[in-house]
Amino acid sequence: MELRFNPTPDQTFELEGGAKYNFIRAKERIDELDRAGRYAEACEARYQGFQLLADALPEDEPMPLRWEHANSRAAIMILHGSAIDHFRIGDLEMAMAQLELLLDCDPEDHLEAINLLALCYATVEEWELYDEVELDLTDKSAESVVARLWASWRRDGTVDKGALSLLSSKFKPYFAEFTAVEHPDDDAFRQDIMSERPSQGAQAREWWLLTEPLWAECPQFIDPLKSQRD
């Protein structure tokens with residue numbers, strides 16, 4: 001059998017798959033394409049992986065996958081990567097659909113997809129949906145704080161002062177990145193972010209580079225952040 005969902009005692013499922021459902025092998029191939037700079041091929045491979053997973057999952061109820069299971073985890077990571085691909089090209093409808101599916105598959109949200117989904121909801125002004133996920137945004141995550149700042153700007157035209165103070169005091173590398181003049185995607189950054197223990201500065205730049213399409217469309221959002229710095 002090419003595909004099988006094995007139930008586990010913790011109410012999750014292990015996605016056992018061979019051939020095209022071997023997501024471990026698929027992710028290894030995708031990683032090779034990314035390392036080789038063949039980004040268009042990597043994006044297409046991630047999208048194909050997403051389609052396979054979406055077609056395999058039941059439509060009538062969520063099927064949480066066991067993160068500790070290698071093939072299930074690889075499928076989740078491919079899905080997350082495809083959502084990021086679509087976010088970067090401005091296809092927010094597809095990104096939101098993929099992130100919602102991701103959270104069905106990974107309710108514990110090991111990849112913190114809730115932050116990107118909150119950004120999407122705020123961008124398209126789906127406020128009922130945003131208000132639902134806002135409950136899961138945490139002060140322990142800089143990405144969550146940025147999502148809250150963006151939502152307050154989109155909804156009211158001002159930034160949440162409490163969230164801004166939190167970003168500037170507790171998450172200084174992120175605050176520095178979001179108020180910087182330049183954000184070079186250079187070799188030093190690449191080596192740092194791909195290391196076993198990337199620095200907070202590299203993680204902050206990675207989040208900036210991921211979300212930059214939003215700030216490019218609305219540079220005014222950054223101005224109140226810079227005023228906090230000044």
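Use the structure listed above.
Everything numeric in this text was worked out from a predicted model, so none of it was measured. (Residues numbered from 1 in each chain as written. Predicted model: local features only at pLDDT ≥ 70, side-chain atom pairs only at ≥ 80, totals over all residues. Heavy atoms only, no water.)

1. A few points about the overall build of the chain
Next up, step 1: Within the chain one finds 12 helices and two strands.
Next up, step 2: If you list the helices and strands of the chain from N to C, you get β-β-α-α-α-α-α-α-α-α-α-α-α-α.
Next up, step 3: The C-alpha radius of gyration of the chain comes to 18 Å, within 12% of the 17 Å expected for a compact globule of 230 residues.
Next up, step 4: When its C-alpha atoms are laid out on the principal axes, the chain stretches across 60 × 40 × 30 Å.
Next up, step 5: Counting across all 230 residues of the chain, residues that qualify as buried make up 46%. (Helix = DSSP H or I, 4+ residues; strand = E, 2+ residues; numbered from the N terminus. Rg over C-alpha atoms; globule rule 2.2 N^0.38 Å. Buried < 20%, exposed > 50% of the residue type's maximum accessible area, 1.4 Å probe, protein only.)

2. Topic: the nonpolar core
Next up, step 1: Judged by nonpolar contacts, the single largest core of 74 residues is most densely connected at Y130, W150, L167, W215 and F221.
Next up, step 2: Among the elements that make up this core, the one with the highest residue count is helix α5 (residues 113-123) (nine residues).
Next up, step 3: Beyond its immediate stretch of four places on either side in the chain, Y130 contacts A118, Y121, A122, L137, A147, R148, A151 and R155. (Core = buried A, V, L, I, M, F, W, Y, C linked by side-chain atoms within 4.5 Å. Contact = heavy atoms within 4.5 Å.)

3. Let's talk about the packing of aromatic side chains
Next up, step 1: What the rule picks out here adds up to eight aromatic pairs.
Next up, step 2: Where W150 meets F221, the ring centres are 5.2 Å apart and the plane angle is 85°; that geometry is what we call edge-to-face. You can see W150 sitting in helix α7 (residues 142-156) and its partner F221 sitting in the loop between α11 (200-217) and α12 (222-229), a full 71 residues away along the chain. Taken individually, W150 and F221 each receive the classification buried, so the pair is uniform in this respect.
Next up, step 3: When the centroid spacing of 6.4 Å and the interplanar angle of 65° are considered together, the rings of W153 and F221 count as edge-to-face. Remark: F221 occurs in the loop between α11 and α12 and W153 occurs in helix α7; sequence separation between them is 68 residues.
Next up, step 4: Taking the relative accessible area as the measure of exposure, F221 reaches 0% and is therefore buried.
Next up, step 5: Taken together, the aromatic side chains of W150, W153, F178, W208, W215 and F221 make up a single cluster linked through ring pairs. (Phe/Tyr/Trp six-rings, centres within 6.5 Å; stacked < 30°, edge-to-face > 60°.)

4. Description of the side chain of D109
Next up, step 1: Along the chain, D109 falls in the loop between α4 (92-105) and α5.
Next up, step 2: Of the side chains bearing the opposite charge, R73 lies closest to the buried D109, which forms no salt bridge; the N-O distance is 14 Å.
Next up, step 3: If we skip the residues at most four places from it in the chain, D109 touches L103 and I114. (Lys, Arg positive; Asp, Glu negative; His and termini not counted. Salt bridge = Lys/Arg side-chain N within 4 Å of Asp/Glu carboxyl O.)

5. Points about the packing of α5 against α7
Next up, step 1: Where α5 contacts α7, the axes come no closer than 9 Å and their chain directions differ by 5°. By the angle class used here, α5 and α7 are roughly parallel. Seen from α5, the contacting residues are N115, A118, L119, A122 and T123; seen from α7, they are E143, S144, V146, A147, W150, A151 and R154.
Next up, step 2: Of the residues assigned to the contact of α5 with α7, the class counts are seven nonpolar, three polar and two charged. (Axes fitted to C-alpha atoms, helices over the stretch in contact; angles between N-to-C directions. Parallel < 35°, antiparallel > 145°, perpendicular 65-115°, else oblique. Nonpolar A, V, L, I, M, F, W, Y, C, P; charged D, E, K, R; others polar.)

6. Description of the pairing of strand β1 (residues 3-7)
Next up, step 1: With five bridges connecting them, β1 and strand β2 (residues 13-17) associate as antiparallel partners. Bridged to F5 within β2 is L15.
Next up, step 2: A loop of five residues connects β1 with β2, the two strands running antiparallel in sequence, and Q11 in this loop sits at a positive phi of about 65°. (Pairing = 2+ DSSP bridges.)

7. Notes on the packing of α5 against helix α6 (residues 127-134)
Next up, step 1: Here α5 crosses α6 at 155°, and the two axes come no closer than 8 Å. As summarised for this structure, α5 and α6 are arranged roughly antiparallel, according to the angle between their axes. Crossing handedness for the pair α5 and α6: left-handed. Residue-level contacts link I114, L117, A118, Y121 and A122 of α5 to W127, L129, Y130 and V133 of α6. (Left-handed = near helix turned anticlockwise from the far one by under 90°.)

8. Re the environment of A147
Next up, step 1: Note that A147 resides in helix α7.
Next up, step 2: For the pair A147 and Y121, spaced 26 residues apart in the sequence, the C-alpha separation amounts to 9.8 Å.
Next up, step 3: The contact partners of A147, leaving out residues within four places of it in the chain, are N115, A118, L119, Y130 and L137.

The values reported here are purely geometric and, on their own, carry no functional implication.
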